[in-house]
Structure formats: structure tokens, C-alpha cells
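Coordinate inspection notes
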Amino acid sequence: MIVKKVLSNKINKFPKIILDTLAKSPIGERGGLLDLRYHQIITPWNWKDQSVLDLGAHNGRWSAAVIDQGARQVDCVDVRDELWKKTEQIKPNWMSKVKFHQADCAEWIRSNTGNWDTILCLGLLYHVSDPIKLLLDMVYQKPKKIIIDTYVTDGDEPKLIPHIESNLLGQGIVNTLSKQAIVCIPNLKAIEWLFEQVGWQLTEWKTPGIENRKDCKLYNTNQRITLSAELKTKNS
Ligand SMILES: C[S@@+](CC[C@H](N)C(=O)[O-])C[C@H]1O[C@@H](n2cnc3c(N)ncnc32)[C@H](O)[C@@H]1O
């Protein structure tokens with residue numbers, strides 16, 4: 001796997017367009033961390049005229065970012081719609097380019113196609129029961145690129161560690177008696193293995209200077225990583 005440093009080291013540029021939304025968001029936002037993630041997730045790429053699928057889209061924070069950078073349209077999917085409803089109340093300009101779908105991303109991606117240039121899978125993998133299958137379903141969509149930002153577990157062999165968390169699906173989509181669900185956190189080897197199998201190149205992105213930032217400990221210690229995956233070309 002290639003490891004690349006993100007070109008810009010100015011990490012105080014989280015766009016105002018998003019902060020305006022977040023300022024009114026129902027949850028507390030950690031500006032510093034979002035700012036860093038902006039530079040790992042958004043700045044390495046050219047978003048002009050891109051069609052994007054944003055899985056686990058939350059209140060649309062990253063959809064807003066890519067539209068701000070020139071993306072043509074975004075499909076957002078999130079199992080919860082209460083955060084998106086707050087965005088709808090604010091009616092930011094970028095919303096006209098976004099279509100929101102309330103659904104379980106694993107089910108939705110299997111029953112929809114969209115010719116997306118890029119699929120965003122940010123903060124989502126560790127919330128689903130089969131993260132490797134979800135990545136494979138993204139590959140089947142044949143986007144030019146998949147961007148992943150996720151917690152990972154350690155280990156030199158591919159593995160998934162199950163853990164229990166509150167059952168977001170039970171809040172509206174799946175009628176279940178349980179308030180909790182088993183989900184799995186992958187390790188980097190499992191993600192690498194999948195992309196190797198399908199002939200895709202994986203690249204890890206690091207923003208210079210994060211090692212000195214106390215609020216970025218998760219990224220410094222590789223508990224959380226940012227990756228991009230693209231179909232291998234003859235030169236890669
Ligand atoms: C940690 S937040 C990440 C939000 C945003 N993508 C980011 O990276 O800042 C996880 C989001 O995924 C959504 N989510 C969790 N499980 C999901 C599922 N199975 N299908 C769709 N959305 C899901 C949650 O509702 C939440 O908005």
C-alpha cells in the first residue's frame with residue numbers, strides 16, 4: 001500500500017459553508033478534528049463536476065464540502081434522518097444538489113445504481129455487521145474512487161472484531177426487539193486484502209503535522225485511518 005502525505009499543511013480551512021450548517025447542528029462538533037479530516041478527505045481530490053455517493057451521510061457535512069468544491073450532485077444515504085431533517089430546516093444552498101435517502105446503506109447499495117465518480121465511506125465501516133462485504137458492494141458500483149475514513153483494529157492477518165453498539169437500524173428501518181446490534185470493526189489487513197483481490201490500489205493519506213496535534217490522537221496512533229482506493233492502472 002502507498003502512504004501519501006496530503007499536500008496542504010494548512011489545517012484551519014474547514015469551509016465556512018459547512019461550519020454554518022454545523023453551528024446549528026444538534027450535536028457538538030469538534031472543529032479541529034473535522035478540519036483535519038477535511039484535509040485528508042477533501043483536499044487531495046478534484047471534485048469538479050463529480051457525481052458522489054455519501055454513505056452514512058449524517059447531516060450532509062461532507063456532501064456540503066464536495067459541493068463547495070464543485071461536485072455536480074450527491075446522493076446521501078443514512079439510516080437516521082433526524083440529522084438531515086435539521087439540515088433541511090436550515091435550507092443551506094448546497095442542499096439543492098443533494099438527494100437524501102433514508103436507508104440501511106448495505107441494503108440500499110445493493111438495490112441502486114448511480115454511475116457515481118466517487119463513493120464516500122466516512123465514519124461508517126465500523127457501524128455495520130459486514131464491512132468487507134459493504135466495500136465489495138461499493139466496488140461493484142464501479143466508481144472511479146472510494147474514500148474511506150475509519151477506525152481500524154490491529155493485527156497482521158485480515159480480521160474483523162465484533163462489538164455491540166446501539167442498534168441504529170432498530171430506530172426506524174428494521175423492526176427488531178433488540179436495542180443493540182453486533183457490528184464489526186475491520187483491521188487494515190482485511191481492507192487491504194479485499195482491494196488486492198479485486199485489483200484495486202489502496203493509498204493511505206496523512207496530513208503533515210497531525211503528530212503534533214493533541215486532538216488528533218486517534219489518527220496519530222493509527223486507530224483511525226484515511227484511505228483511497230482506485231482501480232489499478234498499468235502504471236500503479
Ligand atoms: C460516525 S457518523 C459519520 C458521519 C460522517 N459520514 C462523517 O464521517 O463525519 C456515522 C453515520 O453513519 C450512519 N449509519 C450507521 N449505520 C448505518 C447504516 N447501516 N446505514 C446507513 N447509515 C448508517 C449514522 O446514522 C451516522 O450518521
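Attention in this report is confined to the structure presented alongside it.

What counts, and at which threshold
Residues numbered from 1 in each chain as written. Predicted model: local features only at pLDDT ≥ 70, side-chain atom pairs only at ≥ 80, totals over all residues. Near = placed C-beta within 6 Å. Helix = DSSP H or I, 4+ residues; strand = E, 2+ residues; numbered from the N terminus. Nonpolar A, V, L, I, M, F, W, Y, C, P; charged D, E, K, R; others polar. Axes fitted to C-alpha atoms, helices over the stretch in contact; angles between N-to-C directions. Parallel < 35°, antiparallel > 145°, perpendicular 65-115°, else oblique. Left-handed = near helix turned anticlockwise from the far one by under 90°. Contact = placed C-beta atoms within 7 Å. Buried ≥ 20, exposed ≤ 12 C-beta atoms within 10 Å, placed from the backbone. Pairing = 2+ DSSP bridges. Right-handed = clockwise from strand over helix to strand, strands pointing away. Arc of directions from axis to C-beta.

Quick look at the site of the ligand
For the ligand, the set of nearby residues contains 19 residues, the closest of which are Gly 56, His 58, Cys 105, Leu 122 and Gly 123. Looking at the shell around the ligand, the elements that each hand over two or more residues are helix 3 (61-68), strand 3 (73-78) and helix 5 (105-110). Taken together, the residues of the shell around the ligand break down into 10 nonpolar, four polar and five charged.

Quick word on the packing of helix 6 (residues 131-140) against helix 7 (residues 188-197)
Orientation of helix 6 relative to helix 7, taken along the N-to-C sense of each, is 30 degrees, at an axis distance of 10 Å. Comparing the axis directions of helix 6 and helix 7 gives the class roughly parallel. Where helix 6 crosses over helix 7, the two elements pack in a sense that is right-handed. Seen from helix 6, the contacting residues are Ile 132, Leu 135 and Leu 136; seen from helix 7, they are Ala 190, Ile 191 and Leu 194.

A closer look at the pairing of strand 6 (residues 145-151)
Burial within strand 6 is extensive, with five of its seven residues counted as buried. Alignment of strand 5 (residues 118-122) against strand 6, held across five bridges, turns out to be parallel. Counterpart to Thr 118 in the pairing with strand 6 is Lys 145. Between strand 5 and its parallel partner strand 6, the chain crosses via helix 6, and the hand of that crossover is right-handed.

Focus: helix 7
An α-helix turns once every 3.6 residues. As a result, residues three or four positions apart point the same way. Residues Leu 188, Ala 190, Ile 191, Leu 194 and Phe 195 constitute the buried set of helix 7. In an axial view of helix 7, the angular spread of the buried residues amounts to 165 degrees, which keeps them on one side of the axis. Next to the buried residues of helix 7 lie helix 6, strand 7 (160-166), strand 8 (180-186), strand 9 (200-206) and strand 10 (224-231). Positive backbone phi, at 75 degrees, marks Gly 199, one or two positions downstream of helix 7.

Digging into the pairing of strand 5
Here strand 5 lies mainly inside the structure; five of its five residues are buried. What you see with strand 5 is no split at all: Thr 118, Leu 120 and Leu 122 on one side and Ile 119 and Cys 121 on the other are buried throughout. Relative to strand 5, strand 2 (residues 51-55) runs parallel, the two sharing four bridges. Considered in strand 5, the bridge of Val 52 is made with Thr 118.

Here's the deal with unusual backbone geometry
The backbone of His 58 shows a phi angle near 65 degrees, a positive value even though the residue is not glycine. Examined against the element boundaries, His 58 turns out to sit in the loop between strand 2 and helix 3. Overall, the presence of 19 C-beta atoms within 10 Å leaves His 58 in the partly exposed class.

Interpretation note: all reported values are geometric properties and have no functional meaning in isolation.
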